[in-house]
Amino acid sequence: MNKTTTFNFMGARHIMGAMSVLLIIGSIISLSINFLELGLDFTGGTQIEVEYPQAAQLEAIRDELKGSAYPDATVQHFGRPEEVLVRVPPVDGEDKDQVGAQILQILQGHSESVRLKRVEFVGPQVGEELRDKSGTALILALGLMLIYITLRFRFKFAVGAVMALFHDVIITMGFFSVTRLTFDLTALAAILAVIGYSLNDTIVVFDRVRENFRRDRGATPAEIINNSLNQTLSRTLVTSLTTLLVLIALALLGGEMIFAFAIALIVGIVVGTYSSIYVASNLLLVQKISREDFMEQEKAADDMP
């Protein structure tokens, strides 16, 4: 890891660029057809937490609810194996205050010792408001990133970085659409974290690209970007791999409550690491980045007292 590699990343930029376009198109098609399997946070409904004296059998509980008035209920462990979380979508004309009691009655028909711990209700209007504000937050985050990178680097860098972030978000959401994993607030939080993670990785690469453009006067733009990617590769791999090890442990051992969060981050970090190389850097060459783009900055720095 201490040695600087000499991989020709930009040699495969056309193939990788085409693959990114196909992934984005596929994700958009899936989101348009399948949409997202929105969680209770966005759709509204009732959330009931119950406790069993021993480890609960989720499949048996699901079978009980499927044969009742709540066939669409989702069941998962909540913390310990004895604790179960039941989520019920909203039903028109149903008294939300009675849902918890009715669910408990159904479950007690199989095990009388089950105990109700809490009942929470999220109205459809609240869920819709959360969904709208979440979308606004994503758009605002991308817009602020565009302004920040334009000020710190140049507009060409900002276009590459923001397109890479858009690439990461769309593909991660497309993954949720294809796999039908529940997309809730924890998954959304993970996507916002992916934006920050991917941007940080991209800025590290861009910093080195800017330095090398000012220093390597005889090299071509493709050679400079290749050198920059190789010089930052060990840092990128160490950061990504150590983060992935933690996330894999969370996905396998953390329980269903944070499974969507961990999976969203795993997918986002893998895609974000790829996009820093083959989307953000690739777009610099597409925009014909050259040393002249930095001449104004150098002149301004020389004129400073």
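Predicted model, so just to flag it, every value in this text is computed and none were measured.

Participant: Where do I start with the overall build of the chain in this structure?
Facilitator: Tallying secondary structure elements over the chain gives ten helices and six strands in all. Here the chain has a C-alpha radius of gyration of 24 Å; the compact-globule value for 305 residues is 19 Å, and the former is much larger. Projected onto its principal axes, the C-alpha positions of the chain cover 80 × 40 × 40 Å. Every one of the 305 residues in the chain was classed for burial, and the buried ones make up 43%. Considering only contacts within the chain whose residues lie at least 6 apart along the sequence, 78% involve residues at least 24 apart. Total accessible area computed for the chain in this model is approximately 16000 Å², and 63% of it derives from carbon and sulfur atoms. Here the chain carries 25 positive and 33 negative side-chain charges, and the mean point of each set is 11 Å from the other.

Participant: Please clarify how the layout of surface pockets should be interpreted in this entry.
Facilitator: Think of a ball as big as a water molecule: rolled over the atoms, this probe shows where empty space is left. A volume near 640 Å³ is recorded for the largest pocket. Lining the largest pocket are 25 residues, and of these Gly39, Thr74, Gln76, Arg87 and Thr182 sit closest to its centre. When residues of the lining of the largest pocket are traced back to their parent elements, those giving at least two are β1 (37-38), α2 (40-43), α3 (58-66), β3 (74-78) and α9 (259-286). Grouping the amino acids of the lining of the largest pocket by side-chain chemistry returns ten nonpolar, seven polar and eight charged. When its volume is computed, the second largest pocket comes out at roughly 220 Å³. When residues of the lining of the second largest pocket are traced back to their parent elements, those giving at least two are α1 (13-33), α6 (155-179) and α9. The residue makeup of the lining of the second largest pocket, split by class, is seven nonpolar, four polar and no charged.

Participant: I would appreciate a short explanation of the packing of aromatic side chains in the present structure.
Facilitator: Aromatic rings in a pair are described by how distant their centres are and how their planes are angled relative to each other. Per the stated rule, a full pass over the model turns up eight aromatic pairs. Aromatic pair Phe9 and Tyr278: ring centres 6.3 Å apart, planes at 65°, arrangement edge-to-face. Of this pair, Phe9 sits in the segment before α1 while Tyr278 sits in helix α9, and the two are 269 residues apart along the sequence. According to the relative accessible area criterion, Phe9 is buried, its value standing at 9%. Their ring planes at 80° and their centres at 4.8 Å tell us that Phe157 and Phe206 sit as a pair that is edge-to-face. Taken together, the residues Phe157 in helix α6 and Phe206 in helix α7 (residues 185-215) connect sequence positions 49 residues apart.

Participant: What exactly am I supposed to notice about the nonpolar core here?
Facilitator: Here is a general trend for soluble globular proteins: nonpolar side chains tend to be buried in one another's company. Ranked by internal contacts, the top residues of the largest apolar core, which has 60 residues, are Phe157, Phe183, Ile225 and Ile289. Those elements giving two or more residues to this core turn out to be α1, α5 (124-152), α6, α7, α8 (221-253) and α9. A total of 16 residues in this core trace back to one element, the largest contributor, which is α9. Look past the residues within four positions of Ile225 in its chain and what remains in contact with it is Met10, Val209, Ser281, Leu284, Leu285 and Ile289. Membership of the second largest hydrophobic core comes to 18 residues, among which are Ile61, Val75, Val99 and Leu104.

Participant: Looking at this structure, how should I read α3?
Facilitator: Given 3.6 residues to a turn, an α-helix orients residues that are three or four positions apart in the same direction. Within α3 the residues assigned to the buried category are Leu58, Ile61, Glu64 and Leu65. Across the axial projection of α3, the buried residues extend over an arc of 120°, all falling on one side. Every exposed residue of α3 that faces more than 90 degrees away from the buried side is listed here: Glu59, Asp63 and Lys66.

Participant: Which parts of the structure should I look at to understand the confidence of the model for the chain?
Facilitator: Atomic detail in the predicted coordinates should be set aside for any region of low pLDDT. Taken as a whole, the chain shows an average pLDDT of 86; of its residues, 91% reach a score of 70 or greater. Summarising per-element confidence for the chain, the mean pLDDT is lowest in helix α10 (residues 295-303) (53) and highest in α1 (96). Throughout residues 300-304 the model reports pLDDT below 50, and contacts reaching past four residues in sequence, or to other chains, amount to zero contacts.

Participant: Looking at this structure, how should I read the pattern of salt bridges?
Facilitator: Close approach of charged atoms lets side chains of opposite charge pair. Tallying each qualifying case throughout the model produces 15 salt bridges. Residues Glu82 and Arg80 are paired through a salt bridge, measuring 3.1 Å at the closest nitrogen-oxygen approach. Note that Asp207 is salt-bridged to Arg152, the shortest N-O span being 2.7 Å. One end of the pair, Asp207, is in helix α7; the other, Arg152, is in helix α5, with 55 residues separating them in the sequence. A single salt-bridge network, built from bridges that share partners, covers Glu49, Glu51, Arg80, Glu82, Glu83, Arg115, Lys117, Arg118 and Glu120.

Criteria and thresholds
- Residues numbered from 1 in each chain as written.
- Predicted model: local features only at pLDDT ≥ 70, side-chain atom pairs only at ≥ 80, totals over all residues.
- Heavy atoms only, no water.
- Helix = DSSP H or I, 4+ residues; strand = E, 2+ residues; numbered from the N terminus.
- Rg over C-alpha atoms; globule rule 2.2 N^0.38 Å.
- Buried < 20%, exposed > 50% of the residue type's maximum accessible area, 1.4 Å probe, protein only.
- Contact = heavy atoms within 4.5 Å.
- Areas by Shrake-Rupley, 256 points an atom, 1.4 Å probe, with all protein chains shown as cover.
- Lys, Arg positive; Asp, Glu negative; His and termini not counted.
- Charge placed at Lys NZ, Arg CZ, Asp CG, Glu CD.
- 1 Å grid on protein atoms, 1.4 Å probe; cavity = no way out; pocket = protein on both sides within 12 Å on 5 of 7 lines; lining within 4 Å.
- Points joined across faces, edges and corners; volume = space filled by probe spheres on them.
- Nonpolar A, V, L, I, M, F, W, Y, C, P; charged D, E, K, R; others polar.
- Phe/Tyr/Trp six-rings, centres within 6.5 Å; stacked < 30°, edge-to-face > 60°.
- Core = buried A, V, L, I, M, F, W, Y, C linked by side-chain atoms within 4.5 Å.
- Arc of directions from axis to C-beta.
- pLDDT = per-residue confidence, 0-100.
- Salt bridge = Lys/Arg side-chain N within 4 Å of Asp/Glu carboxyl O.

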